[in-house]
Protein chains: 2
Amino acid sequence: MTKLDVCLSPALIPLFEVEKYIVVIIDIFRATSSICYGIDNGAEAIIPVAEVEECLSYQEQYPHYLLAAERNGEVVTGFDFGNSPFSYTKEKVAGKTVVLTTTNGTHALHLSRNAKKVVIGSFLNLTAICDWLKTQYDDVLLVCAGWKNNFNLEDTIFAGAVANQLIPAGFRPDDAAIAANDLYEIAKDDLDGYLKKTSHSERLKKLGIEKDIAFCLQVDITHAIPVLEGEKLVKLK
Amino acid sequence: MTKLDVCLSPALIPLFEVEKYIVVIIDIFRATSSICYGIDNGAEAIIPVAEVEECLSYQEQYPHYLLAAERNGEVVTGFDFGNSPFSYTKEKVAGKTVVLTTTNGTHALHLSRNAKKVVIGSFLNLTAICDWLKTQYDDVLLVCAGWKNNFNLEDTIFAGAVANQLIPAGFRPDDAAIAANDLYEIAKDDLDGYLKKTSHSERLKKLGIEKDIAFCLQVDITHAIPVLEGEKLVKLK
């Protein structure tokens, strides 16, 4: 029976043998939502890097790449954009390569890079990614990027949304997947209302990105599944 | 406003400045349940140690101490007992000192020892510990011992039971405390039934300790609050 495990924080990734899993990276507000949107909108590739300095070093070699850097929820000064989904529209990214560093999402991605496959999930491509996972017959590990290595609700609720589709398909959940699924059951009819209770929602509100939050909570508006190939996230064929 | 934070795994303890909190250690199946029961039954002290070898070294110096060691759910060969609550009755522990090492609970305890205070929680003393926390006006960190550094449901559900009493008293929950509280709301009317879904419950069942599990899910049957003083857990005065 295929397993469905949930890793609630990047700090817990070392507890899992990632090479035995397909890993889904989850950073709902906002990195993985924006990556899904950008790849769906025809970005040729998105290159996740851990450090702001790495972003800059790409610019020297590839001056036509777009540079995106976010730290603590804000665009880093001097960069083209951060991780707002509204920066990943067709007009801005179609045919382009984006080099991206974020506070939490790219960190989780780098720690998971030895997995069988690393794909990117968000509410935007929820059913697309679940349908694909059901065809793979591999154990699945959902990695919540969290906030600065700690648990957060929005990534866990999304993990629960995936569990909600995969458990009925026969995947065996671990304790964290059971918890995530139960929390999703509570939240699903009003995701925005449920997440308004959270500390991170407050933090993001102070940054003036309520529109981004509403955007990231749209379900099934894209179909592309971003997958890590070498150092690049590209559209899964 | 006093904070109520929940640390879902010992691996996440470094994310918190424990010296700013009263820490409650939670290892429902079975270490902290047995400690609460033992202290309530008049044990003079319970000394938590990290390693089996440390237990043995106490024996040389203090031959009248009882030695308790559990690894992977079983009593370590040659020890007086492990962490089954039925080993912590009045008859066995009143007036005695027990040196205890367990897979998860004592590990979490050692990582939290620099807190303002370290106390021990379980369903057995749930309301006693909540009532006491309400009188302290200190930030509270609930540390789930989990299973081998990963998340588990039973410790999280208990954290939720504490949150369920402290949030209405004005404590401000972090994301993990909100999640724990919501999971407790689902589980509270049938704790045993809810936890039967978990992997750990399966594991414990194989060890033949269903009676221990039922015992550990009894609510408010004790009043003592074990507190760490130096190296010893004693009854809070």
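This text goes with the structure placed above it.
So, a few notes on the structure that sits alongside this text. Within every chain, residues take consecutive numbers counted from 1 along the sequence as written. Starting at A for chains and at 1 for ligands, labels are handed out in the order in which the entities are written. In keeping with the model being predicted, local features are shown solely for residues with a pLDDT of at least 70 and side-chain atom pairs are shown and tallied solely at 80 or more, while totals for entire chains, interfaces and linings include all residues.

### Concerning the relation of the copies chain B and chain A
Now for step 1: Overlaid copies result from least-squares superposition on C-alpha atoms, with residues included only where pLDDT is at least 70 in both. Of the transformation placing chain B onto chain A, the axial shift is 0.0 Å and the rotation is 180°, giving an RMSD of 0.0 Å. Given the turn and translation reported, the copies of this chain are related as if by a two-fold rotation axis.
Now for step 2: This entry defines residue contacts through backbone-placed C-beta atoms, with two residues in contact when those atoms are within 7 Å. Of the residues that chain B buries at the interface, 100% are likewise interface residues in chain A, meaning the two copies contact each other through the same surface.

### What about the interface of chain B and chain A?
The parts lose accessible area when they come together, and the size of an interface is often stated as this lost area.
Now for step 1: Contacts between the two partners involve 23 residues from chain B and, on the opposite side, 23 residues from chain A.
Now for step 2: Only DSSP runs of H or I with at least four residues qualify as helices, and only runs of E with at least two residues qualify as strands; both kinds are numbered from the N terminus onward. For the side of chain B that touches chain A, the secondary-structure elements that each account for two or more residues are α6 (153–166), α7 (175–187) and α9 (199–206) of chain B.
Now for step 3: Per-element accounting of the side of chain B that touches chain A gives the leading share, seven residues, to α7(B).

### Here's the deal with α7(B)
Residue and element names in this part refer to chain B.
Now for step 1: Multiply 1.5 Å by the residue count of a helix minus one, and that product is the helix's expected span. Here α7 is 13 residues long and its end C-alpha atoms lie 18 Å apart, about the 18 Å a rise of 1.5 Å per residue gives.
Now for step 2: With eleven of its 13 residues buried, α7 lies for the most part within the structure.
Now for step 3: Within the sequence span of α7, burial applies to Asp175, Ala176, Ala177, Ile178, Ala179, Ala180, Asn181, Asp182, Leu183, Tyr184 and Ala187. To sort residues by burial, count the other C-beta atoms lying within 10 Å of each one's C-beta; a count of 20 or more means buried, 12 or fewer means exposed, and anything in between means partly exposed. C-beta atoms are built from the backbone.

### Let's talk about the nonpolar core
Now for step 1: Put simply, a nonpolar core is buried Ala, Val, Leu, Ile, Met, Phe, Trp, Tyr and Cys residues tied into one set by C-beta atoms within 7 Å. If you look at the biggest cluster of nonpolar residues, it comprises 167 residues, and the most contacted ones within it are A:Leu142 and B:Leu142.
Now for step 2: Excluding residues that lie within four positions of it along the chain, B:Leu142 makes contacts with B:Val6, B:Cys7, B:Val24, B:Ile26, B:Ala159 and B:Val162.

### Side note on the environment of B:Leu15
Now for step 1: Along the chain, B:Leu15 turns up in the loop between β1 (3–7) and β2 (22–26).
Now for step 2: Not counting the four nearest positions on each side in its chain, B:Leu15 is found in contact with A:Asn149 and A:Asn150.

Purely geometric numbers; function is a separate question.
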